[in-house]
Amino acid sequence: MARIVFETTIESAPSAIADALTTEKGIASWWTDDVSFEGARGRTMLLGFPIAPVPFELKIEKANRKQVVWRSTGEFPPHWVDTTVTWTLTPENEGTTVHFNHDGWASDEGPLPMSAYTWGQLLGTLKRHVETGKPVPLFKKSGKSGGRKPGPGKPR
């Protein structure tokens, strides 16, 4: 099994980061503004993207100020099926260290490198949103990106 791993520091309390990862408004402020989510552990969020034929489905399996875990429960994208995204939040003097991993990939070939690139961009928009309070979704319903331009290919 392959995995994507990143780590960054966000100048904010873990609670603000957890809110950005577990609420509809939070997700819409850094990832995609096409989100439908009731915001609670055990619930599934639907994430739409301009070039995706159907929404991504991610269930929140764990949500607290130390760790947030999502599981891909939909059939799209096929390379995400049964993968898990884990955000571990550790308070530090200058904010919070965010350790990110997307586990369960069948291979490190194919779509994984492009997905890793996109996750790197998304950690940047998450950081900007949490530190400034301003929405900067990487993907918008209009197809125009928020923060930096998304890389070539489909969102992963």
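Residues numbered from 1 in each chain as written. Predicted model: local features only at pLDDT ≥ 70, side-chain atom pairs only at ≥ 80, totals over all residues. Heavy atoms only, no water.

Engineer: I'm lost on the nonpolar core in this one. Help?
Structural biologist: The nonpolar side chains of a soluble globular protein tend to be buried, and buried together. With 39 residues, the main nonpolar core has Trp-30, Trp-31, Leu-47, Trp-70, Trp-87 and Trp-119 as its most contacted residues. Here this core gets 7 residues from one element, more than from any other, and that element is helix α3 (residues 112–132). The contact partners of Trp-87, leaving out residues within four places of it in the chain, are Leu-21, Trp-30, Lys-66, Gln-67, Val-68, Trp-70, Val-98, His-99, Phe-100, Trp-119, Leu-123 and Leu-126. (Core = buried A, V, L, I, M, F, W, Y, C linked by side-chain atoms within 4.5 Å. Buried < 20%, exposed > 50% of the residue type's maximum accessible area, 1.4 Å probe, protein only. Helix = DSSP H or I, 4+ residues; strand = E, 2+ residues; numbered from the N terminus. Contact = heavy atoms within 4.5 Å.)

Engineer: Explain the pairing of strand β7 (residues 95–105) to me, please; I cannot follow it from the model alone.
Structural biologist: Along a regular strand, successive side chains alternate from one face of the sheet to the other. Judged by how many residues are buried, β7 sits mostly within the fold: 8 of 11 residues are covered. Note: strand β1 (residues 2–10) against β7, 9 bridges, orientation antiparallel. Bridge pairing links Ile-10 to Thr-96 in β7. The pairing of strand β6 (residues 84–92) with β7 spans 9 bridges and is antiparallel. Opposite Thr-84, over in β7, you have Asp-103 as the bridge partner. Where β6 folds back onto β7 in an antiparallel hairpin, the turn is made up of 2 residues. (Pairing = 2+ DSSP bridges.)

Engineer: I tried to follow the environment of Leu-138 on my own but got confused; where do I start?
Structural biologist: Structurally, Leu-138 is set in the segment after α3. On the basis of relative accessible area, Leu-138 is assigned to the buried category, the value being 0%. Sequence spacing of Leu-138 and Val-85 is 53 residues, and the spatial spacing of their C-alpha atoms is 18 Å.

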